[in-house]
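Chain residues, written in single-letter form:
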Amino acid sequence: MRLVEPAAPAAPAAEAQDDMRDAGPAFAPEERGRGDGRFGGARAQDRRSSAATGPAERGTGLAELPDAQLVVLGARGDVGALEQLYRRHVAFAIHLATRIEGSARDVEDIVHDAFLRAYERLDDLVDPAAFRAWLGSIIVHKVRSRMRRARLLGVLGMGKSSEPVDLDALASPAASPHARAQIAQIYALLQTLPADDRIAWILRSVEGHDLETVAQMTDCSLATVKRRISRAQQFLDGHFVDSTSSEASS
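Residues numbered from 1 in each chain as written. Predicted model: local features only at pLDDT ≥ 70, side-chain atom pairs only at ≥ 80, totals over all residues. Heavy atoms only, no water.

Undergrad: Looking at this structure, I do not really get the packing of helix α4 (residues 67-75) against helix α5 (residues 79-101). What am I missing?
TA: It is the contact of α4 with α5, at a shortest axis distance of 8 Å, that shows an interaxial angle of 140 degrees. On the basis of their axis angle, the class for α4 and α5 is oblique. The crossing of α4 and α5 is left-handed. Judged by residue contacts, Asp-67, Leu-70, Val-71, Leu-73 and Gly-74 of α4 engage Ala-81, Leu-82, Gln-84, Leu-85, Arg-88 and His-89 from α5. Considered class by class, the residues forming the contact of α4 with α5 number six nonpolar, three polar and two charged. (Axes fitted to C-alpha atoms, helices over the stretch in contact; angles between N-to-C directions. Helix = DSSP H or I, 4+ residues; strand = E, 2+ residues; numbered from the N terminus. Parallel < 35°, antiparallel > 145°, perpendicular 65-115°, else oblique. Left-handed = near helix turned anticlockwise from the far one by under 90°. Contact = heavy atoms within 4.5 Å. Nonpolar A, V, L, I, M, F, W, Y, C, P; charged D, E, K, R; others polar.)

Shown next as structure tokens:
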């Protein structure tokens, strides 16, 4: 997952969306994990059978096996295969949850619960090779639930309406002060949006997923995803303030 720096947009967040994808690195880097629509739904034992062609008998190390074979072994109760899936994808999971949340607080608990949920439902994974994207969809669901609960508690006066933006978790050490300020402002604005709009915009504009993958990870239609992203973008366009442009105009 490779995130990039918003580089002083001339207009508000309309250009911040492009800058985040096209400028120099500002976010803490992590390999991007794109989905491909091959997860969720009914069991696919025929695919699993072809994916696991006796790796244990061949003496192949678990670390050398592709996800598809690890998923098959894990579904059969192989603890070593489950551990390998965790080691391989935990960094992706933590980065994804952190960037959606805007804070590293409670992220480890979210990721832990997401892996447990994935392990319990391995038989629901249609294509074992799509484990990473499927795990991402579970994380998105859990973060969304937490965000909605936090907002409700805030409305009821039983908790904080939003968490402070954690720049140390979001920005890379190489990020310029200007880039860090932009990231902080964008995330502060995003925290005022409904959870679904915020998540869709981050998955598309920060994580760089295509629209189809965002729809799959958020479990909604492509049209709904487009509406959510558009609402979030319009809000950012109207509220994002670029300090460089303001100083130049004054």
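Undergrad: Is there a simple way to think about the pattern of salt bridges in this case?
TA: When their charged atoms lie close together, side chains carrying opposite charge are able to pair. Scanning the entire structure with this criterion turns up nine salt bridges. Between Glu-207 and Arg-99 there is a salt bridge, with its nearest N and O atoms 3.8 Å apart. Within this pair, whereas Glu-207 is found in the loop between α10 (195-206) and α11 (211-218), its partner Arg-99 is found in helix α5, the two being separated by 108 residues in sequence. On the basis of relative accessible area, Arg-99 is assigned to the buried category, the value being 1%. Of the charged contacts, one joins Arg-121 and Asp-124 as a salt bridge, the two residues approaching to 3.2 Å between their closest N and O atoms. For Asp-124, a relative accessible area of 25% corresponds to the partly exposed category. Salt bridges linked by common partners bring Glu-101, Asp-106 and Arg-146 together as one network. (Salt bridge = Lys/Arg side-chain N within 4 Å of Asp/Glu carboxyl O. Buried < 20%, exposed > 50% of the residue type's maximum accessible area, 1.4 Å probe, protein only.)

Undergrad: What am I meant to see in the environment of Pro-194 here?
TA: In this structure, Pro-194 sits in the loop between α9 (177-190) and α10. Spatially, the C-alpha atoms of Pro-194 and Met-147 are 8.9 Å apart, while their sequence positions differ by 47 residues.

Undergrad: Explanation requested: the nonpolar core in the structure shown.
TA: General note: in soluble globular proteins, nonpolar side chains tend to be found buried as a group. The biggest cluster of nonpolar side chains holds 55 residues, and the ones touching the most others in it are Ile-100, Phe-131, Leu-135, Ile-139, Trp-201 and Leu-203. The element best represented in this core is α5, accounting for nine residues. Aside from chain neighbours lying at most four places away, what touches Leu-203 is Leu-96, Ile-100, Val-140, Gly-208, His-209, Val-214, Met-217 and Thr-218. (Core = buried A, V, L, I, M, F, W, Y, C linked by side-chain atoms within 4.5 Å.)

Undergrad: Sorry if this is basic, but what is going on with α11 here?
TA: In an α-helix, one turn spans 3.6 residues; hence positions three or four apart end up facing the same way. Regarding α11, the residues found buried are Thr-213, Val-214, Ala-215, Met-217 and Thr-218. Phi for Asp-219, located one or two positions after α11, is positive at around 55 degrees.

Undergrad: Would you mind showing me how to read the confidence of the model for the protein chain here?
TA: If pLDDT is low for a region, its predicted coordinates should not be looked at in detail. In this model, the protein chain carries a mean pLDDT of 76, and residues with pLDDT of at least 70 account for 66%. Contacts for the low-pLDDT stretch residues 31-38, under 50 throughout, to residues beyond four places or in other chains number 30 contacts. For the stretch residues 155-159, pLDDT sits under 50, and the model shows three contacts to residues farther than four places along the chain or on other chains. (pLDDT = per-residue confidence, 0-100.)

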